[in-house]
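Remarks on the overall topology
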Amino acid sequence: MNDHPIIWATDFSASSEKALAWAGLLARDLESTLVMLHVEPGQPTAEFGSIYKGLADPHISEIAATLASIKPVQSDVRYEHRIRAGDPAAQIIAEAKERSAAAIVVGSHGRSGVRKLLLGSIAEGVLRDAPCPVMICRI
Amino acid sequence: MKFKTILFPCDFSTSETAALEYAVELAAESDAKLLIAHVQEPAPVYAEGNFYTGIPLPDYEVIQKTLANIRPSRPGVRYEHRLLSGDPAAAVAELARHENADLIVMSSHGRSGFGRLLMGSIAEGVMRAAPCPVLIVKPRCKLRSEEPAKALAR
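Residues numbered from 1 in each chain as written. Chains lettered and ligands numbered in written order. Predicted model: local features only at pLDDT ≥ 70, side-chain atom pairs only at ≥ 80, totals over all residues. Heavy atoms only, no water.

Now for the overall build of chain B. Helix and strand content of chain B: 4 helices and 5 strands. For chain B, the N- to C-terminal ordering of α and β elements is β-α-β-α-β-α-β-α-β. The 154 residues of chain B split such that 48% are buried. Considering only contacts within chain B whose residues lie at least 6 apart along the sequence, 73% involve residues at least 24 apart. (Helix = DSSP H or I, 4+ residues; strand = E, 2+ residues; numbered from the N terminus. Buried < 20%, exposed > 50% of the residue type's maximum accessible area, 1.4 Å probe, protein only. Contact = heavy atoms within 4.5 Å.)

Below, the structure written as structure tokens:
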């Protein structure tokens with residue numbers, strides 16, 4: 001076992017879920033913990049004078065339940081679930097730095113990705129600033 | 001499901017050391033075969049009328065020796081070399097397909113990449129055409145140091 005986890009970042013998109021199998025393989029072979037990370041971007045704030053009633057908070061408990069329902073593809077992988085809030089790429093990087101990750105695994109295009117681009121904005125942001133190798137799953 | 005064949009494309013630049021180390025560690029831990037590949041780009045052809053004297057062909061013997069010198073630093077890793085010619089990104093993707101590679105591990109930048117760009121053009125082209133996931137290792141990722149990416153150090 002080693003202390004350098006594999007961080008699999010998910011936005012619950014099909015692209016990120018495809019990457020999960022590869023993340024699990026890496027974690028198993030390197031005997032690393034698989035950190036299944038979701039970053040909740042949060043709601044944009046807006047004010048509309050006196051009629052502003054605020055925006056509904058994202059349902060963190062629902063998000064946590066969705067994340068918790070995701071299990072590694074491989075049965076023999078140690079894993080944990082993790083939720084952070086903020087800018088997705090920045091938070092993924094922060095997690096990788098804090099945990100001294102062995103690798104970050106992301107899908108090439110998440111929910112916000114424009115398919116004709118090589119990489120979605122989150123994958124690109126992660127690749128730009130990652131302190132560790134990044135596995136991009138485009139298939 | 002497991003990593004059986006890991007492809008490491010290289011262009012003999014020093015920026016690739018971290019990627020090779022990572023590929024070797026992963027191949028060792030996964031008991032996968034490591035394919036160390038180099039793609040020789042054909043020399044550009046010029047025709048300048050009477051003055052054309054031809055461009056010397058790359059010396060394949062030298063290239064072959066250079067490639068053969070790139071070996072896993074860790075004993076017990078099965079590896080083979082592949083020397084190809086053509087467009088690097090296309091040839092790497094094609095080799096991955098042909099050899100059923102499960103993973104390509106490569107440096108974000110080789111000899112031709114501008115460090116300030118996110119990825120070199122070859123890494124980008126490989127990612128575009130690859131039939132499998134691509135693990136991009138930046139040159140500054142160190143495996144056995146106090147850097148955050150000490151990765152596989154145990």
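Moving on to the side chain of B:Ser13. All names here are of chain B. Relative to the elements of secondary structure, Ser-13 occurs in the loop between strand S1 (5–9) and helix H1 (17–30). Given the relative accessible area of 14%, Ser-13 is considered buried. Setting aside residues no more than four positions away along its own chain, Ser-13 makes contact with His-109, Gly-110 and Arg-111.

The next thing to look at is the packing of aromatic side chains. Given two aromatic rings, their pairing is described by the distance between the two centres and the angle made by the two planes. The final tally for this structure, using the stated rule, is 1 aromatic pair over all chains. For the ring pair A:Trp22 and B:Phe3, a centre distance of 5.9 Å and an interplane angle of 25° mean the geometry is stacked. Here A:Trp22 is found in helix H1 (residues 14–30), whereas its partner B:Phe3 is found in the segment before S1 on a different chain. According to the relative accessible area criterion, A:Trp22 is buried, its value standing at 14%. (Phe/Tyr/Trp six-rings, centres within 6.5 Å; stacked < 30°, edge-to-face > 60°.)

This part takes up the pattern of salt bridges. Residue and element names in this part refer to chain A. Under the defined criterion, the tally for this structure stands at 15 salt bridges over all chains. For Glu-80, the salt bridge goes to Arg-99, with nearest N and O atoms at 3.1 Å. Of the two residues, Glu-80 sits in strand S3 (residues 79–85) while Arg-99 sits in helix H3 (residues 88–99), which places them 19 residues apart along the sequence. For Arg-82, the salt bridge is made with Glu-95, and the minimal N-O distance between the two is 2.9 Å. Here Glu-95 lies in helix H3 and Arg-82 lies in strand S3, a separation of 13 residues in the sequence. For Arg-82, a relative accessible area of 28% gives the class partly exposed. Ionic contacts of the salt-bridge type, sharing partners, join the residues Glu-80, Arg-82, Arg-84, Glu-95, Glu-98 and Arg-99 into one network. (Salt bridge = Lys/Arg side-chain N within 4 Å of Asp/Glu carboxyl O.)

Walk down a regular strand and you will see the side chains alternate between the two sheet faces. Residues A:Val134 and A:Ile136 of strand S5 (residues 134–137) of chain A are buried on one face, and the alternating residues A:Met135 and A:Cys137, pointing to the opposite face, are buried as well. With 4 bridges joining them, strand S4 (residues 103–107) of chain A and S5(A) adopt parallel strand pairing. Residue pairing for S5(A): A:Gly107 is matched across the bridge by A:Cys137. By the bridge criterion, 3 bridges tie S5(A) to strand S5 (residues 134–137) of chain B in an arrangement that is antiparallel. Bridge assignment links A:Val134 to a residue of S5(B), and that residue is B:Ile136. (Pairing = 2+ DSSP bridges.)

Right, let's talk about the packing of H3(A) against helix H4 (residues 121–129) of chain A for a bit. All names here are of chain A. It is at 8 Å that the axes of H3 and H4 come closest, and there the two elements cross at 40°. What the angle tells us is that H3 and H4 run oblique. In this structure, H3 crosses over H4, and the sense of that crossing is right-handed. Contact with H3, carried on its side by Pro-88, Ala-89, Ile-92 and Ile-93, involves Ile-122, Gly-125, Val-126 and Asp-129 of H4 and no other residues of that element. Classifying every residue of the contact of H3 with H4 gives 6 nonpolar, 1 polar and 1 charged. (Axes fitted to C-alpha atoms, helices over the stretch in contact; angles between N-to-C directions. Parallel < 35°, antiparallel > 145°, perpendicular 65-115°, else oblique. Left-handed = near helix turned anticlockwise from the far one by under 90°. Nonpolar A, V, L, I, M, F, W, Y, C, P; charged D, E, K, R; others polar.)

With mixed pairing, 10 strands are arranged side by side in an open sheet as S3(A)-S2(A)-S1(A)-S4(A)-S5(A)-S5(B)-S4(B)-S1(B)-S2(B)-S3(B). Since the sheet does not close on itself, it has two edges, and those belong to S3 of chain A together with strand S3 (79–85) of chain B, each with one partner. Strand-to-strand, the axes of this sheet are offset by a mean angle of 25°, without reference to chain direction. Note that strand S1 (residues 6–10) of chain A and S4(A) share 3 bridges and pair parallel.

Another point: the confidence of the model for chain B. Residues and elements named next belong to chain B. With 77% of its residues at a pLDDT of at least 70, chain B reaches an overall mean of 83. Here helix H4 (residues 121–129) stands out as the element of chain B with the lowest mean pLDDT, 87, in contrast to S1, whose mean of 97 is the highest. Ignoring residues within four places in sequence, the model shows residues 144–154, a span with pLDDT below 50, making 34 contacts including any to other chains. The ipTM for the predicted assembly is 0.84, set against a pTM of 0.85. (pLDDT = per-residue confidence, 0-100.)

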